[in-house]
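So the chains spell out like this:
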Amino acid sequence: MTGPIRPSRPRQAEQPVRQQSLRSINLELVFRQILGATHPISRTELAAVTGLTRPTITRIVDDLLTGRLVTETGFAHDGRAGRPRVGLTISDRGPAGLGLDIRADGLAAGVVDLTGTVRHLAFAPATYADRGAPTVLADLARMAEAAVAAVAAEDLAVVTATLAVPGPVDAGLVRSAPALGWRDADAGTLLRAATRHLDLPITVDNEANLAALGELYATHRSLDSFVYVSGGLGIGAGIVLDGQLMRGSRGWSGELGHVTVYPDGKPCPCGSRGCLQTYASLEAILGAEPAPPGSTPDAEIAARADAGRPDTLAALDAAGTALGVALSDMLNILDIGSVLLGGSFSLLASWLTANVRTEIDQRVLTTDWAPVTVRPALLGPDAAVIGAALTSVDQVRQQPAGWLLRQPGRSGPARSRQPAKRSG
């Protein structure tokens, strides 16, 4: 032995559970049961599954109803004889999340309610050449204002906003987004300033990560491990393993576009050579002839491919091959069996998938007995904006007591007049 063994990290000092904390814990317990129920659930059922007393359930449900987190709907059919019981389900009126996205063909804003339903989705074409972060984010701020106003008319209150950007993010700072011409752009501060009249908390995250989360929600956990490949302004990957997004120690994992596929290949704006980005980005596939005004890059590529243009078909073949090479290394390391082609790649999947599969079948060690699935993502180019909105609303799902504290005249869940009972 060459040195002392590092002792295990000590646990944080545990604090006693106080009455206010216990009320919040019980409220979250009840809310999770309603959130996860496949049918309207009655107060009687809630008491049975949580072990809480009926008076405690009644007070908690009253809090949730007042805070517009749940709603009464019809009757719950629990199979018992007797009078039908009023059912409870998640409310589609009340808190909502706002997602904002900077993507290859423009800007997007979307709002998702607490049930996960998209209630607003707007798109504005945009180009980014010679446009700095303040200008782009001012445009997004106007879209945010319109989105908040649109859903307010439907009795929804936007809780937070999440911005999706094509690059690594550090506490709201976009470290590098070559496709936008941004480096160390303080997107969080700029967007908060542009939306200060909305008074919304704002977070910034990588668009591939947010798109992967959107796909995870969309699949209802039927697929809980996959690599989401985002094709757009850049090429990023969101890695989901056992239902959890893998961000890396600094939150910068998934920069697939700068994986080297050909060491002596084309120079990349990042300073390296042979990066995937130089072969499989929309810009690389379009070549020297950009998309004409009024057309988006992915739509133009699809139109050229449908028309049988040899240069476009060859570029798509090269893109699919390079993408398959890069993904093979990732799959060999991570042991994940599904690849979702997202963003603009979802629209081009019919031309990319065959070459991606060919490379994966040749290069991934386990494919002989465990084939890898490659398919288009469910949410298509809207995955990042929907994932961003879902991330915002999920904060309320995880901490409903925090939402109740923010309501006028409230200081937290109602005080119970008798101790609440926890299930064993």
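Residues numbered from 1 in each chain as written. Predicted model: local features only at pLDDT ≥ 70, side-chain atom pairs only at ≥ 80, totals over all residues. Heavy atoms only, no water.

Novice: Describe the sheet that holds strand 4 (residues 106–113), and please don't skip the residues or the numbers.
Specialist: One open sheet accounts for 5 strands, arranged 5-4-3-6-10; its pairing is mixed. This sheet does not close on itself; its edge strands, each paired only once, are strand 5 (118–125) and strand 10 (202–206). Neighbour-to-neighbour, the strand axes of this sheet turn through a mean angle of 20°, independent of strand direction. Two strands pair when backbone bridges link them, and strand 4 and strand 5 are joined in this way by 7 bridges, in the antiparallel orientation. Paired with G106 across the two strands is P125, which belongs to strand 5. The sheet contacts of helix 5 (residues 187–194) involve strand 3 (94–103), strand 6 (156–165) and strand 10, and relative to strand 10 the element is tilted by about 140°. (Pairing = 2+ DSSP bridges. Helix = DSSP H or I, 4+ residues; strand = E, 2+ residues; numbered from the N terminus. Axes fitted to C-alpha atoms, helices over the stretch in contact; angles between N-to-C directions. Contact = heavy atoms within 4.5 Å.)

Novice: Please give an account of the packing of helix 10 (residues 310–334) against helix 12 (residues 349–363) that cites residues and values.
Specialist: Contact geometry of helix 10 with helix 12 gives a least axis separation of 7 Å together with a crossing angle of 40°. Pair helix 10 / helix 12 crosses with right-handed handedness. Residue composition of the contact of helix 10 with helix 12, by class: 11 nonpolar, 6 polar and 3 charged. (Left-handed = near helix turned anticlockwise from the far one by under 90°. Nonpolar A, V, L, I, M, F, W, Y, C, P; charged D, E, K, R; others polar.)

Novice: Can you explain the pairing of strand 8 (residues 173–177)? Please cite residues and give values.
Specialist: Bridging between strand 7 (residues 169–170) and strand 8 involves 2 bridges; their strand directions are antiparallel. Across the sheet, residue V169 finds its bridge partner in strand 8, namely V174. Hairpin connection of strand 7 to strand 8: 2 residues between the antiparallel strands, including A171 at a positive phi of 50°. Summarising the sheet, strand 8 and strand 9 (residues 182–186) pair through 4 bridges and their orientation is antiparallel. By the bridge assignment for strand 9, S176 is matched with R183. Between strand 8 and strand 9, which pair antiparallel one after the other, the connecting turn spans 4 residues, and G181 there sits at a positive phi close to 75°.

Novice: Would you mind going over the environment of A177 in detail, with residue names and values included?
Specialist: As for its placement among the helices and strands, A177 is situated in strand 8. For A177, a relative accessible area of 0% translates into the label buried. Sequence-distant contacts of A177, defined by excluding residues within four places in its chain, comprise P166 and W182. (Buried < 20%, exposed > 50% of the residue type's maximum accessible area, 1.4 Å probe, protein only.)

Novice: Please set out the pattern of salt bridges residue by residue, giving values where relevant.
Specialist: Under the criterion given, the structure shown has 16 salt bridges. Across the pair D382 and R103 runs a salt bridge, and its minimum N-O distance is 2.9 Å. Of this pair, D382 sits in the loop between strand 15 (373–376) and helix 13 (383–398) while R103 sits in strand 3, and the two are 279 residues apart along the sequence. A residue is classified by how much of its surface remains accessible, and D382, at 23% relative accessible area, is partly exposed. (Salt bridge = Lys/Arg side-chain N within 4 Å of Asp/Glu carboxyl O.)

Novice: Tell me about the sheet that holds strand 12 (residues 235–241), and name the residues and values.
Specialist: Ordered in space as 13-12-11-14-15, the 5 strands form an open sheet in which the pairing is mixed. Only two strands of the sheet have a single partner each, and these edge strands are strand 13 (244–246) and strand 15. Recorded for the sheet is a direction-independent mean angle of 25° between the axes of neighbouring strands. With 3 bridges joining them, strand 12 and strand 13 adopt antiparallel strand pairing. Considered in strand 13, the bridge of L241 is made with Q244. Strand contacts of helix 12: strand 14 (338–343) and strand 15, with the helix running at about 165° to strand 15, the strand carrying the most contacts.

Novice: Explain the side chain of T367 to me, using residue names and the numbers behind them.
Specialist: Among the secondary structure elements, T367 is positioned in the loop between helix 12 and strand 15. Among the residues examined, T367 registers a relative accessible area of 9% and is labelled buried. In terms of polar contacts, T367 uses its side chain to reach the backbone carbonyl oxygen of D361, at 3.2 Å. Here V364 takes part through its backbone oxygen, which lies 3.0 Å from a polar atom of the side chain of T367. Apart from the residues within four sequence positions on either side, T367 is in contact with I360, D361 and V372. (Polar contact = N/O pair within 3.5 Å; in protein donor to acceptor, adjacent residues only side chain to side chain.)

Keep in mind these values describe shape, not function.
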